[in-house]
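Below are the chains, spelled out letter by letter.
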Amino acid sequence: MLRPRDSHDLRLIQTSLDLSPPAALRWSHDVFGNSIATASFAERSAQLRIESNLRLETYVVERPAFQIAPEAASYPFIYSADDRIDLGRMLERHHPDPAQRLGAWARGFIRSNPTNTLALLADLNSGVGARISYQSRESEGTQTPIETLDRGCGSCRDLAVLLIEAARSLGFGARVVTGYLYNPSADDQAAAVKGAGTTHAWADIYLPGAGWIAYDPTNGTIGGGDLIRVAVTREIGQAVPVAGSFVGTPDDFLGMTVDVAVVSQSRERASQPLSRSGT
């Protein structure tokens, strides 16, 4: 999953995908409509290198952009029958919470009954960032929401899953988004925002009238102005950017490095506005 999703707010201009050793590529769309490249290798190699270079344009809509339907402006509200059918399991929680700790924590952000829907979600998004400290983590897998609450720290994917499950516990439809993060304030290093320099994960929450709205609890932002959407999935395990297998012994795997650079065309490195490579 390396190719961003073309939309009204993102347009792909040029793409290249180089692999070493060479591979036969087959493109397809998964059940969510994401572009999937399947690579089949015919020769042996001591190293696998995947390099994706992209040139794209993004279009940021100035706020107020979230003009939700009047019937959803106050929480709680009820999705239409069609919306509930189409959202399906994105309305359901995916992680056990027998003591209802996460549900109780999420309900703590409800100020009144009824309450403003957008204000509630904004508080929930910022509340995740206030409760959980960001910690870059290269280890495989994702913490459960309860583990993240207990540890008080997590990676961007841990924070995204926590927000998604909290929103679902309140009855909202939510999904996982994976992609890249543009850091407009850093010239050569990812210092001003959290999660730049590698793949990034955040949440989409569905509101009637406005559609899917991006919430990035890692940086406390709402809207996708600096987010480059690559894939959307129901749960985090479906959003692995690169997955596969090799023939050999377990000791053959020595490690993996990932580097992502997102730069604007106005900079000196405009010839490669976005690249992702893994070894």
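Read on for an overview of the structure. None of the values given here were measured: they were computed from a predicted structure.

**Observations concerning the packing of aromatic side chains**
And step 1. According to the stated counting rule, one finds six aromatic pairs in the structure shown.
And step 2. Joined through ring pairs, the aromatic side chains of Tyr75, Phe77, Tyr79, Phe172, Tyr206 and Trp212 make up one cluster.
And step 3. Taking NZ or CZ as reference, Arg175 lies 4.1 Å from the ring centre of Trp212, over its face.

**A short note on the pattern of salt bridges**
And step 1. Per the stated rule, a full pass over the model turns up nine salt bridges.
And step 2. Here Asp150 ties to Arg101 by a salt bridge, and the two come within 2.9 Å at their closest N and O atoms. In this pair, Asp150 sits in helix H4 (residues 145-151) while Arg101 sits in helix H2 (residues 101-107), placing the two residues 49 residues apart along the sequence.
And step 3. Across the pair Arg175 and Asp204 runs a salt bridge, and its minimum N-O distance is 3.0 Å. You can see Arg175 sitting in strand E9 (residues 173-181) and its partner Asp204 sitting in strand E10 (residues 200-207), a full 29 residues away along the chain.

**Digging into unusual backbone geometry**
And step 1. The peptide bond linking Ser20 to Pro21 adopts the cis configuration, its omega dihedral lying at 5 degrees.
And step 2. With an omega dihedral of 5 degrees, the bond running from Tyr75 to Pro76 counts as a cis peptide bond.
And step 3. Unlike most non-glycine residues, Gln100 shows phi in positive territory, near 60 degrees.
And step 4. On the secondary structure map, Gln100 appears in the loop between helix H1 (81-87) and H2.

Conventions used here
- Residues numbered from 1 in each chain as written.
- Predicted model: local features only at pLDDT ≥ 70, side-chain atom pairs only at ≥ 80, totals over all residues.
- Heavy atoms only, no water.
- Phe/Tyr/Trp six-rings, centres within 6.5 Å; stacked < 30°, edge-to-face > 60°.
- Lys NZ or Arg CZ within 6 Å of the ring centre and 35° of its normal.
- Salt bridge = Lys/Arg side-chain N within 4 Å of Asp/Glu carboxyl O.
- Helix = DSSP H or I, 4+ residues; strand = E, 2+ residues; numbered from the N terminus.

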